[in-house]
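Below are the chains, spelled out letter by letter.
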Amino acid sequence: MKKLTKISVFDLDETVARMPSYTASKYVEKSTDGYFLFPTPYSFYDHPLSMDRSIHNIQFISPVLDDWQRSVLDIKSRTILITHRTEQLRPYVNQVVEKAVFGFDAIYCLGRVTEKFDTLLKELKKYPEIATVDIYEDTLEQIIKYRTGFESLSRKYEVNFYFVDKSNVFRLLDFKVDEKRKIKLI
């Protein structure tokens, strides 16, 4: 059995792959004769049509794709996907990621019940020799939750955060958050 020293954690939507946003829901409704109604973003993201490659142009994001492949090829690294897509969408998540040819050691489809850090913590307990953690996310809120989780641990890890925005991937060395206001669509 290989000795793991690193774990790389990837989010799916807007991190590994450019996925349709909630605004695509109107197009989906029109293409299905308005049969499906998506009154909220999660009603869209929890539906298989939000991941349908015959409707949407889903594309992988490089350099995240390159880092994902590098992690898979590293015999000392474990590579996992943690998404807030629901368990019912696992087959569709698998269809998206299998197009990259290389896979993940584990895929977690959490819905919105479980926190991503809690899932990662289970992995770290299962593989206590891991010392380095790379996290790829497109949501600052998730990065903050991961960071807060790591700060609460007595064991210290080398943690690298990679923030994927609309056109760049940033390795975050330090950041502070001053004010948080919840977005509502109107």
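Residues numbered from 1 in each chain as written. Predicted model: local features only at pLDDT ≥ 70, side-chain atom pairs only at ≥ 80, totals over all residues. Heavy atoms only, no water.

**Student:** Help me out: how do you make sense of the packing of aromatic side chains in this one?
**Tutor:** In this description, a pair of aromatic rings is defined by centroid distance and the angle of the planes. Counted by the stated rule, this structure contains eleven aromatic pairs. Centroid distance Phe-117 to Phe-150: 5.2 Å. Interplanar angle 75°. Geometry classified as edge-to-face. Of the two residues, Phe-117 sits in helix α5 (residues 116-126) while Phe-150 sits in helix α6 (residues 140-151), which places them 33 residues apart along the sequence. Three or more aromatic residues link up through ring pairs in this structure, and these residues are Phe-10, Phe-60, Trp-68, Phe-102, Phe-104, Tyr-136 and Tyr-162. (Phe/Tyr/Trp six-rings, centres within 6.5 Å; stacked < 30°, edge-to-face > 60°. Helix = DSSP H or I, 4+ residues; strand = E, 2+ residues; numbered from the N terminus.)

**Student:** I tried to follow the sheet that holds strand β1 (residues 6-10) on my own but got confused; where do I start?
**Tutor:** Pairing between sheet strands relies on hydrogen bonds along the backbone, with the strands arranged either parallel or antiparallel. In space, the six strands of this open sheet follow the order β5-β4-β1-β6-β7-β8, with mixed pairing throughout. The open sheet has two edge strands, β5 (106-109) and β8 (169-172), and neither has a second partner. Within the sheet, the average angular offset between the axes of one strand and its neighbour, ignoring direction, is 20°. Strand direction decides the pairing type here: β1 and strand β6 (residues 132-137), joined by five bridges, are parallel. Residue pairing for β6: Ile-7 is matched across the bridge by Val-133. Against the sheet, α5 touches β1, β4 (77-83), β5 and β6, its axis set at about 155° to β4. (Pairing = 2+ DSSP bridges. Axes fitted to C-alpha atoms, helices over the stretch in contact; angles between N-to-C directions. Contact = heavy atoms within 4.5 Å.)

**Student:** Help me understand the pattern of salt bridges in this model?
**Tutor:** Opposite charge on two side chains lets them pair, provided their charged atoms get close. Evaluated as defined, the whole model comprises 14 salt bridges. For the salt bridge of Lys-116 with Asp-11, the shortest nitrogen-to-oxygen distance reads 2.8 Å. With Lys-116 in helix α5 and Asp-11 in the loop between β1 and β2 (17-18), this residue pair connects regions lying 105 residues apart in the sequence. For the pair Lys-116 and Asp-11, one class covers both residues: buried. Across the pair Arg-181 and Glu-179 runs a salt bridge, and its minimum N-O distance is 3.1 Å. In this structure Arg-181 comes out as exposed when scored by relative accessible area, which is 71%. Here the salt bridges do not stand alone but share partners, grouping Asp-11, Lys-116 and Glu-137 into one network. (Salt bridge = Lys/Arg side-chain N within 4 Å of Asp/Glu carboxyl O. Buried < 20%, exposed > 50% of the residue type's maximum accessible area, 1.4 Å probe, protein only.)

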